[in-house]
Structure formats: C-alpha cells, structure tokens
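Descriptive structure summary
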Amino acid sequence: MTALVLLLANALYFAWTQGWLGPLGLAPVVQSEPERLQQQVRPEAVELLNGPPPNLPATAATNDAAMASPNAGALPPEPTVCMRAQGFTPEQAGTLREALEHNATLTGAWDLAEVRAGGRWIVYMGRLNDDQMQRKKAELRELKVDFREVSTAGLAPGLALGTYSAEASAEQGLADVQRKGVRTARVAQERPESAQFVLRLPQSTAEQRAAIAALGSAMAGKLLQSCE
C-alpha cells in the first residue's frame, strides 16, 4: 500500500513539473526574467552614478553644461583708454564737429568742449640787446629780484620780473619791485585772453582711435594724446 502511494505521488509530481496539471490551476510558477522584474521594488528609481539624469541623453546633459557657462570661450573685452587732442580754434572746432558727427564709428564716443584761457600780464623790462640783458640780469641779482627771459613775439628779447593773471595784480607787482630799487620796468600783457576747444574720448577703442586718425584735415594737425 505504501509503495502504491509513493508511486502515485511521484506520478503526480512529474505531471505537475511538466505542466500537465495546468488546466486544473496546478501549474508551477515560471522563474523567467519578466517575473523577476515584477518582484523588484521601484526599478525605475535605479540610477547610474555619475551618469546623465533619468530620461536625458548624455548629449543633452553635455549641452546643458555648456549652456550653464555662457561666457565659456568668450574673448575678454577690448581695453579702452582716455585720449584727447587740444588747441582747436572755434573755426577748427566747427569743422571737426561736423566730421565727428558723420562718422558712425565715433557715435557717442567723443566730447568737444570749449576751454577759456585768461590773459597773462608781466612786470616787464625790454627790449634789450645782449649787453643790456647782461647788465640788467646782474642788477636784478644784486637787488634779489627773480626774473625769467621773455620769448613772446613783440616783447623779446626781454625779462619778466613777475607773471600775473590780472592786470591789477601786475600793477601791484610793479610797485613791489620798484620799492626794491627797480626803475625801468613796466606792466605788459604777455598773452591775451583766448578760447580753445579740446576733443576728448573718455573710453576710446583701437578702432575709434584709428577713425580719428583718418579724419585728416579735420584734425587741423592735432594728434591724440593720453588724458594723463
């Protein structure tokens, strides 16, 4: 009886392993790869370390990194310097202004301003020949009066015993040297009041400086120089 039961049990086990009892709902569980994946807990959460974010191709990750540094590979800004040219008369300044306004490269880069220079007066001795010049210098040194040679047209050769920005101040200077013993000096105007224009480019680029140099006669022979 026991042998018959074992034989029947073995027959049933063999039929079960072969799937013959499947219609009866007794088929064994198949351990294939899809069923293994179903048993995993949140398989979509698995990521590769140091890899691109989920659902993002590696090329897209590279592009995002490049976009995060917009200045990568950009050239440094061109250095700029302050330059100026001075000594333009009002007439020269008018010609220059017209040339500047018609040059697109220089738009917004320049300033042309008037600068007024006051008159200059001196306590003056002259005009002197060579012998007189030497004698006057010796006398002034003995009287301890400072002096300089004058080269201004109409006054040279001569000596200035003081330089002043106002005629009244020069008259006072004359009185001072007369008290020291000077007898042949007088007040003279060495330079009249004048106005000139100064061209200034506060932050000029190399291209703008080249544009100024190309203005030719509009610059009236003046050259750009450093503002310093």
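Scroll up a little and you will see the structure.
In short, a report on the structure. Keep in mind the model is a prediction, meaning the values are calculated, not measured.

Re the state of the cysteines
Here the structure, examined in full by the defined rule, presents 1 disulfide. Across the disulfide from Cys82 sits Cys227; the S-S distance is 2.0 Å. Handedness of the Cys82-Cys227 disulfide follows from its S-S torsion of about -70°: it is left-handed. Placement of Cys82 in strand β1 (residues 81-88) and of Cys227 in the segment after β8 (225-226) is noted, with a sequence separation of 145 residues between them.

Examining the sheet that holds strand β4 (residues 148-150)
Read across the sheet, 4 strands follow the order β4-β5-β3-β6 without closing on themselves; strand pairing throughout is antiparallel. Each edge of the open sheet is held by one strand with a lone partner, namely β4 and β6 (186-191). Strand-to-strand twist in this sheet, taken as the mean axis angle between neighbours without regard to direction, amounts to 50°. Relative to β6, strand β3 (residues 120-126) is paired through 5 bridges, and the arrangement is antiparallel. Bridge assignment links Tyr124 to a residue of β6, and that residue is Arg186. Of the strands in this sheet, β3, β4 and β5 (158-164) touch helix α5 (residues 130-142), which is tilted by about 45° from β5. Across the face of the sheet, helix α6 (residues 167-179) comes into contact with β3, β5 and β6 while running at roughly 35° to β3.

With respect to the environment of Leu143
Checked against the element boundaries, Leu143 lands in the loop between α5 and β4. Using a relative accessible area of 31% as the deciding quantity, one classes Leu143 as partly exposed. For the pair formed by Leu143 and Val177, sequence separation is 34 residues and the distance between their alpha carbons is 9.1 Å. Apart from residues no more than four positions distant in its own chain, Leu143 is found in contact with Lys180, Gly181 and Val182.

Considerations on α5
With 13 residues, α5 extends 19 Å between its outermost C-alpha atoms, agreeing within 8% with the 18 Å of an ideal straight helix rising 1.5 Å per residue. Of the residues making up α5, those classed as buried are Met133, Lys136, Lys137 and Leu140. Mapping the buried residues of α5 onto a view down its axis gives an arc of 100°, with all of them on the same face. Opposite the packed face of α5, turned more than 90 degrees from it, sit the exposed residues Asp131, Gln134 and Glu142. Contacts made by the buried residues of α5 are with β3, β4 and β5. For α5, the N-terminal capping position is held by Asn129, with its side-chain oxygen 3.1 Å away from the main-chain nitrogen of Asp131.

Considering the pairing of β3
The buried fraction of β3 is high, at 5 of 7 residues. Note: β3 against β5, 6 bridges, orientation antiparallel. The residue bridging Trp121 from the neighbouring strand is Tyr164, located in β5.

Digging into the environment of Arg179
Residue placement: Arg179 occurs in helix α6. Take Arg179: its relative accessible area is 62%, and that puts it in the exposed class. At a separation of 2.3 Å, a polar atom in the side chain of Arg179 contacts the side chain of Asp176.

Things to note about the packing of aromatic side chains
In total, this model carries 0 aromatic pairs according to the counting rule given. The ring of Phe88 is capped by Lys222, whose NZ or CZ atom sits 5.3 Å from the centre of that ring.

The rules behind each value
- Residues numbered from 1 in each chain as written.
- Predicted model: local features only at pLDDT ≥ 70, side-chain atom pairs only at ≥ 80, totals over all residues.
- Heavy atoms only, no water.
- Disulfide = S-S within 2.5 Å.
- Helix = DSSP H or I, 4+ residues; strand = E, 2+ residues; numbered from the N terminus.
- Pairing = 2+ DSSP bridges.
- Axes fitted to C-alpha atoms, helices over the stretch in contact; angles between N-to-C directions.
- Contact = heavy atoms within 4.5 Å.
- Buried < 20%, exposed > 50% of the residue type's maximum accessible area, 1.4 Å probe, protein only.
- Expected span 1.5 Å × (residues − 1).
- Arc of directions from axis to C-beta.
- Polar contact = N/O pair within 3.5 Å; in protein donor to acceptor, adjacent residues only side chain to side chain.
- Phe/Tyr/Trp six-rings, centres within 6.5 Å; stacked < 30°, edge-to-face > 60°.
- Lys NZ or Arg CZ within 6 Å of the ring centre and 35° of its normal.

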